[in-house]
Amino acid sequence: MPDLDCLRRQALGGTGGGAASQEAGADGESAARRKRKRKSRATVNLAGCDYRVVAKAAKELGFRVTTKDGPWTLKWTDRYLLGQTLREMKLSRLQRINHFPAMCEIAFKCRLAANLNRISKVLPAEYDFTPETWVLPAELSTFAKVTAEKKNRTYIVKPNCGSQGQGIFLTRRAADVPKEGRYVAQRYLNKPLLIDGLKFDLRVYVLVTSVLPLRLYVAREGLARFCTEEYEGVSNKNADKQFMHLTNYAINKHNEDFEGAGDGGDGDAGSKRSISSVRQWLDGNGFSGEAVWARVEEVITKTVIAALPANQHAYRIQIPESRDAVGFTCFTVLGLDIMLDDKAKPWVIEVNELPSFETDSDLDMHVKLTVVREALAMVSPTVQEVRLLKEFGAHLGPGQRNSALDERYSAQRAELVAARLEQEEASAECFRCVFPCADPGRRAVLERCIEAASAVYKTSFGCQARAEERPGAPEPKSWETSLRGTPKPAGAAGARGKAERQPGSELSQEREASSAPTPQRAAST
């Protein structure tokens, strides 16, 4: 496996980016260069964003904030955006937006279940972190048969596009599922890990800065959301007790026993706590907080990988090569809900494309402000990138497409990728890069997951990736090839029109089929 740091140094012309072994003068020059990059001033468009913490984060970074039409660098919106909408926006290479065209493939409950169910059949040992799930009504007959044979098992039923715990209920009978609308039925984790006798889940924030190829970060700090009634195993008497079984903040805050985090607290008590406090509790109660967190990062990475081919396909179609910022036009901050069982094994419960950034306490403000501020700093193009993006492909004549054999174009692309990675790494403090990863063994496992996801996607949708490839658009297998600037040859010139007529995901169909309204605001956390 090639050394990533070595490749970055080659792409940057041999500089080591502030390595400890450099002379003091070189250290100062490198640090000054990174400092200048951080001071690049962006304009953040917050039309469609109602969270004050996003504006606060942007202003703390020295960015301009606007809600009006006009030039902007970053756009943050709290609404879902269709892939077609992204294409119609005609973004320039200097702009970034906080949505990918097909992230619904894991954000909608039915799509998440379908993707995880398919890949788990190919790699069952790697995808054993999600409860058994049925997509309804498509799999209603199978679900009815299971419930009839195993009458003592409990299942949690959720509407496909629901939020804030609305429409969720526990049942042991398929007949209880509403006849209208789309739902998932998931085997209920009857033995969750308890702290102070209470059930809880973890809201983990995940930053995706690219899907082509994948670049994924996980925030070290997040929120633990607790039920407000002591947990008991599910029975006919308590199955309807939401304060006991549902961890949603939007539900539990209405219980008179709800305990706020409190002003100035450390986030280690109350009905909403910090993830770091949970890791400390694990260390003191017979578990390893570090080992559990490593497993959390792993299942998050595998979850995103399950829908990676669909996201890559949609990105190629909706973001034209002539306007793409070498794979970094889109970014998103996801909120993954993770539950620990009584063995401290993490289970992925759901993925939120629009996690709430309301700040009802000092703990909320600390965690969410850090996440948003760092995400904006990481994705904002620097002064150097702006210059390079303006020069990118400028040597090509009007109507002339780039060629994979064009050495100048490849060199420009490699320089842009290297500058982007350097900025992400220089700005990342609370976020840790989990893919690509440096550990050879772990990376080999994740590469197998990517291969399996690609095979499943092609089989399921009849997608011929090479035939749909954008003319002239390089498709590196990894960041190493991006840094070397040696992309694969482009596909046939006539393939683009065909590709654009095929859906990059099932977003439109999913919306139309669901009777539940599409949430315009995120679930409250």
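In this text the structure is predicted, and so the values were computed from the model without any measurement.

Visitor: Help me understand the pairing of strand S6 (residues 155–159), please; the structure alone is not making it clear to me.
Guide: Looking down a regular strand, the side chains alternate between one sheet face and the other. Among the 5 residues of S6, 5 are classified as buried, and the element is accordingly described as predominantly covered. The alternating pattern of S6 places Tyr155, Val157 and Pro159 and Ile156 and Lys158 on opposite faces, both of which are buried. Pairing between S6 and strand S8 (residues 183–187): 5 bridges, direction antiparallel. Within S8, the residue paired with tyrosine 155 across the bridge is arginine 187.

Visitor: Sorry, what's going on with helix H7 (residues 140–149) here?
Guide: Residues separated by three or four positions in an α-helix point in the same direction, a consequence of the helix having 3.6 residues per turn. Within H7 the residues assigned to the buried category are Phe143, Val146 and Thr147. Down the axis of H7, the buried set is contained in an arc of 95°. They therefore lie on one face. In H7, those exposed residues whose orientation departs by more than 90 degrees from the buried face are Ser141, Lys145 and Glu149. Those residues of H7 that are buried are in contact with strand S5 (133–136), S6 and S8.

Visitor: In this structure, what is going on with the sheet that holds strand S3 (residues 74–75)? I would like to understand it.
Guide: In a beta sheet, neighbouring strands pair by backbone hydrogen bonds and run either parallel or antiparallel. On the basis of which strands lie adjacent, the open sheet formed by 4 strands has the order S2-S1-S3-S4 and parallel pairing. Since the sheet does not close on itself, it has two edges, and those belong to strand S2 (64–66) and strand S4 (96–97), each with one partner. Sheet analysis places strand S1 (residues 43–45) next to S3, joined by 2 bridges and oriented parallel. Considered in S3, the bridge of asparagine 45 is made with lysine 75.

Visitor: Where do I start with the sheet that holds S6 in this structure?
Guide: One open sheet holds the 4 strands; their spatial order is S5-S8-S6-S7, and the pairing between them is antiparallel. Every interior strand has two partners, whereas the edge strands, S5 and strand S7 (169–171), have only one. The sheet shows a mean angle of 25° between the axes of neighbouring strands, taken without regard to direction. With 4 bridges joining them, S5 and S8 adopt antiparallel strand pairing. Directly across from valine 135, in S8, lies its bridge partner valine 184. Here helix H6 (residues 109–122) sits on the sheet and contacts S5, S6 and S8; the angle it forms with S5, its principal contact strand, is near 130°.

Visitor: For this particular structure, what's the right way to read empty space enclosed by the protein?
Guide: Empty space among the atoms can be located by rolling a probe the size of a water molecule over them. Tallying each qualifying case throughout the model produces 12 cavities of 30 Å³ or more. What the second largest cavity holds in volume is close to 120 Å³. For the lining of the second largest cavity, the elements supplying multiple residues, two or more each, are H6, S8 and strand S15 (346–352). For the lining of the second largest cavity, a count of residues per class yields 7 nonpolar, 4 polar and 3 charged.

Visitor: Would you mind showing me how to read the confidence of the model for the protein chain here?
Guide: Detailed conclusions should not be drawn from predicted coordinates in areas where pLDDT is low. For the protein chain, the mean per-residue pLDDT works out to 82, and 76% of the residues sit at or above 70. Here residues 1–26 is a poorly scored stretch, pLDDT under 50, and it has 32 contacts once near neighbours within four places are set aside; other chains count. Within the model, the stretch residues 29–39 combines pLDDT values under 50 with 12 contacts to residues more than four positions away or in other chains.

Visitor: Help me understand the packing of helix H11 (residues 289–306) against helix H16 (residues 440–461) in this model?
Guide: Helices that pack against each other are described as a pair by the angle of their axes relative to one another and the distance between those axes. Two elements in contact, H11 and H16, have axes whose closest approach is 9 Å; the angle formed by their N-to-C orientations is 25°. Accordingly, the angle class assigned to the pair H11 and H16 is roughly parallel. In terms of crossing hand, the pair formed by H11 and H16 is right-handed. Where H11 approaches H16, its residues Glu297, Glu298, Thr301, Lys302, Ile305 and Ala306 are matched on the opposing element by Arg442, Val445, Leu446, Cys449, Ile450 and Ala453.

Visitor: How should I be thinking about the packing of aromatic side chains in this particular structure?
Guide: The description of an aromatic ring pair rests on the distance of the ring centres and on the angle between the ring planes. Under the defined criterion, the tally for this structure stands at 13 aromatic pairs. The interplanar angle of 75° and the centroid separation of 6.1 Å between the aromatic rings of tyrosine 51 and phenylalanine 357 together place this pair among those described as edge-to-face. Highlighted residues: tyrosine 51 in the loop between S1 and helix H3 (52–60) and phenylalanine 357 in the loop between S15 and helix H13 (362–379), separated in sequence by 306 residues. Each member of the pair, tyrosine 51 together with phenylalanine 357, is buried. For the pair phenylalanine 100 and tyrosine 315, a centre-to-centre distance of 6.3 Å together with 45° between the ring planes defines the contact as tilted. Of the two residues, phenylalanine 100 sits in the loop between S4 and helix H5 (104–107) while tyrosine 315 sits in helix H12 (residues 308–318), which places them 215 residues apart along the sequence. Take phenylalanine 100: its relative accessible area is 1%, and that puts it in the buried class. Residue tyrosine 315 is classed as buried on the basis of its relative accessible area of 0%. In this structure an aromatic cluster arises from ring pairing among Tyr51, Trp76, Tyr205, Phe331 and Phe357. In this arrangement the basic side chain of arginine 420 is found over the ring face of phenylalanine 328, its NZ or CZ atom lying 6.0 Å from the centre. For the cation-ring pair, arginine 443 lies above phenylalanine 435, with the distance from its terminal atom to the ring centre recorded as 5.7 Å.

Visitor: Would you mind going over the side chain of aspartate 201 with me for this structure?
Guide: When you line up the elements, aspartate 201 lands in strand S10 (residues 198–211). For aspartate 201, the side chain forms a polar contact with the side chain of arginine 225, separated by 2.7 Å. Among the polar contacts made by the side chain of aspartate 201, one reaches the side chain of threonine 247 at a distance of 2.9 Å. In contact with aspartate 201, not counting residues within four places along its chain, are Leu223, Ala224, Arg225, Thr247, Asp337, Ile338 and Met339.

Visitor: What is the right way to look at the side chain of threonine 154 in this model?
Guide: Relative to the assigned elements, threonine 154 resides in the loop between H7 and S6. The buried category is assigned to threonine 154, whose relative accessible area is 8%. At 3.0 Å, the side chain of threonine 154 and the side chain of arginine 172 are in polar contact. Beyond its immediate chain neighbours, meaning those up to four positions away, threonine 154 contacts Leu170, Thr171, Arg172, Gln186, Arg187, Tyr188 and Val234.

Visitor: Looking at this structure, how should I read unusual backbone geometry?
Guide: The general pattern is negative phi for most residues beyond glycine and trans for most peptide bonds. The omega torsion across leucine 212 and proline 213 is -5°, close enough to zero to call that bond cis. Take proline 213: it is sitting in the loop between S10 and strand S11 (214–219). Look at the link from phenylalanine 435 to proline 436: it is a cis peptide, with omega at 0°. With respect to the helices and strands, the residue proline 436 is situated in the loop between strand S16 (431–435) and H16. Its identity as a non-glycine residue notwithstanding, valine 326 has a phi of 45°, on the positive side. With respect to the secondary-structure elements, valine 326 resides in the loop between H12 and strand S14 (332–340).

Cut-offs and rules
- All residue numbers refer to positions counted from 1 along the written sequence of the respective chain.
- Local features in this predicted model are restricted to residues of pLDDT 70 or higher, and side-chain atom pairs are both shown and tallied only at a pLDDT of 80 or more, whereas totals for entire chains, interfaces and linings draw on every residue.
- The side-chain numbers reported here are obtained from all heavy atoms of the structure, hydrogens and water having been left aside.
- With a 1.4 Å probe rolled over the protein chains alone, any residue whose accessible area is under 20% of its type maximum counts as buried; one over 50% counts as exposed, and the rest are partly exposed.
- Numbering of helices and strands starts at the N terminus; helices are DSSP runs of H or I of at least 4 residues and strands are runs of E of at least 2.
- Between any two strands, pairing holds if DSSP finds at least two bridges.
- Each C-beta atom gives one direction from the helix axis, and the arc is the one those directions make.
- We call two residues in contact whenever any of their non-hydrogen atoms come within 4.5 Å of each other.
- Between N-to-C directions, angles cover 0 to 180 degrees, with each direction set by a line fitted to C-alpha atoms, over the stretch in contact for helices.
- With a 1 Å grid spanning the protein atoms alone, the term cavity applies to any set of points in which a 1.4 Å probe fits but cannot get out, the term pocket to an open set with protein on both sides within 12 Å along at least five of seven lines, and the term lining residue to any residue with an atom within 4 Å of a point.
- Grid points are joined across faces, edges and corners, and a volume is the space filled by probe spheres set on the points.
- Under the scheme applied here, ten amino acids are nonpolar (Ala, Val, Leu, Ile, Met, Phe, Trp, Tyr, Cys and Pro), four are charged (Asp, Glu, Lys and Arg), and all others, including Gly, are polar.
- For every residue, the predictor reports its confidence as pLDDT, a number between 0 and 100.
- Roughly parallel covers angles under 35 degrees, roughly antiparallel covers those over 145, roughly perpendicular covers 65 to 115, and oblique covers all other angles.
- For any pair of crossing helices, the crossing counts as left-handed if the nearer helix is rotated counterclockwise from the farther one by less than a right angle, and right-handed if it is rotated clockwise.
- Think of it this way: a Phe, Tyr or Trp ring, Trp meaning its six-membered ring, pairs with another when their centres are within 6.5 Å, and the plane angle makes it stacked under 30 degrees, edge-to-face over 60, tilted otherwise.
- Two conditions define a charge located above a ring, namely a distance within 6 Å from the ring centre to NZ of Lys or CZ of Arg, and an angle within 35 degrees of the ring normal.
- Here a polar contact is recorded for every N or O atom pair within 3.5 Å, except that within protein the pair must consist of a potential hydrogen donor and a potential acceptor, and residues adjacent in sequence are included only if both atoms are side-chain atoms.

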